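Chain and residue survey
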Amino acid sequence: MSKKVLIPIEYTFITQRTIEYALSLAQQDDYEIYLFRVANPKVVGRSVRRDTLSNALERAMDSMDRLLMRAIVEVSKEGELDLAQVGAIHKRFSVGDLVTEILKMAGNISSDMILMGVPSREDPDYEKGQYNFTGSAIGELVDKAPCSVYVRKTFDETFILL
């Protein structure tokens, strides 16, 4: 039975690096990869209309496709990727509280691990403030997760088990 790795998605450089790591991991062992984007309901709109949610879903899926393709290209450049060895790659989208939705998804898929990339001060995305994985969100996720949570900063080549 394959193991399941959940990767909460933010559209940052470190998220791409996290996907690259997961691809390498998946071809060494039997892993399924779940890319998961959580949209803030304030961004989507308090009274979510069907067309607004549909547009948000479409944008999220397109962005996840681009991140995944860039990660595949980067890992392939290193000559280390055999996609035939990689298990299934799934994409999921939800609207709600970041931590709550990640915890629900981890439970729903019986995740064996959560891999997260968090921008460090050296990351261009850090200055832009284009991330939601704050210290308090990560702390709550670690406390409540049904599996191990690994966090990686941008220019650190290792994950830290929390």
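Preceding this paragraph is the structure being described.
Here is a short report on the structure shown in this document. From a predicted model like this one, the values you see are computed outputs, not experimental measurements. (Residues numbered from 1 in each chain as written. Predicted model: local features only at pLDDT ≥ 70, side-chain atom pairs only at ≥ 80, totals over all residues. Heavy atoms only, no water.)

Further remarks concern helix α4 (residues 98-108). When α4 is considered as a whole, its buried residues turn out to be L98, V99, E101, I102, L103, M105 and A106. Phi for S110, located one or two positions after α4, is positive at around 55 degrees. (Buried < 20%, exposed > 50% of the residue type's maximum accessible area, 1.4 Å probe, protein only. Helix = DSSP H or I, 4+ residues; strand = E, 2+ residues; numbered from the N terminus.)

Okay, the pairing of strand β4 (residues 113-118) next. Taking burial as the measure, the six residues of β4 include six buried ones, the bulk of the element. Both faces of β4 are covered, namely the face carrying M113, L115 and G117 and the face carrying I114, M116 and V118. As judged from the two bridges shared by strand β1 (residues 3-8) and β4, these two strands associate in the parallel manner. What sits directly across from V5, in β4, is M113. Relative to strand β5 (residues 148-153), β4 is paired through six bridges, and the arrangement is parallel. Bridge pairing links L115 to Y150 in β5. (Pairing = 2+ DSSP bridges.)

Counting residues in hydrophobic clusters, the biggest one holds 25 residues, and the most contacted among them are V5, I7, I9, I19, L23, I33 and L35. If you list the elements that add at least two residues to this core, you get β1, α1 (13-28), β2 (31-39), α3 (50-77) and β4. Considering each element in turn, this core owes the most residues, eight residues, to α3. When sequence neighbours within four positions are dropped, the list of residues in contact with L23 reads I33, A71, I72, V75, L81, V86 and I89. (Core = buried A, V, L, I, M, F, W, Y, C linked by side-chain atoms within 4.5 Å. Contact = heavy atoms within 4.5 Å.)

Scanning the entire structure with this criterion turns up six salt bridges. Between K91 and D65 there is a salt bridge, with its nearest N and O atoms 2.5 Å apart. Taken together, the positions of K91 in strand β3 (residues 89-95) and D65 in helix α3 put the pair 26 residues apart, joining distant regions of the chain. What makes K91 partly exposed here is its relative accessible area of 25%. (Salt bridge = Lys/Arg side-chain N within 4 Å of Asp/Glu carboxyl O.)

The relative placement of two packed helices comes down to the angle between their axes together with the axis-to-axis distance. Remark: α4 packs on helix α6 (residues 135-144), axes separated minimally by 10 Å, with the N-to-C direction vectors making an angle of 30 degrees. Between α4 and α6, the interaxial angle falls into the category roughly parallel. For the pair α4 and α6, the sense of crossing is right-handed. Across the interface between the two elements, L98, V99, I102 and L103 of α4 pack against A137, E140, L141 and K144 of α6. By residue class, the composition of the contact of α4 with α6 is six nonpolar, no polar and two charged. (Axes fitted to C-alpha atoms, helices over the stretch in contact; angles between N-to-C directions. Parallel < 35°, antiparallel > 145°, perpendicular 65-115°, else oblique. Left-handed = near helix turned anticlockwise from the far one by under 90°. Nonpolar A, V, L, I, M, F, W, Y, C, P; charged D, E, K, R; others polar.)

The space that makes up the second largest pocket amounts to roughly 200 Å³. In terms of lining, the second largest pocket is formed by 11 residues, of which the most central are E20, Y21, S24, E78 and E80. In terms of residue count, the dominant contributor to the lining of the second largest pocket is α1 (six residues). In the lining of the second largest pocket, the residues fall into three nonpolar, two polar and six charged. (1 Å grid on protein atoms, 1.4 Å probe; cavity = no way out; pocket = protein on both sides within 12 Å on 5 of 7 lines; lining within 4 Å. Points joined across faces, edges and corners; volume = space filled by probe spheres on them.)

Phi angles above zero are rare outside glycine, and S110 is one such case at about 55 degrees. Along the chain, S110 turns up in the loop between α4 and β4.

By themselves, these are just geometric observations and shouldn't be taken as functional.
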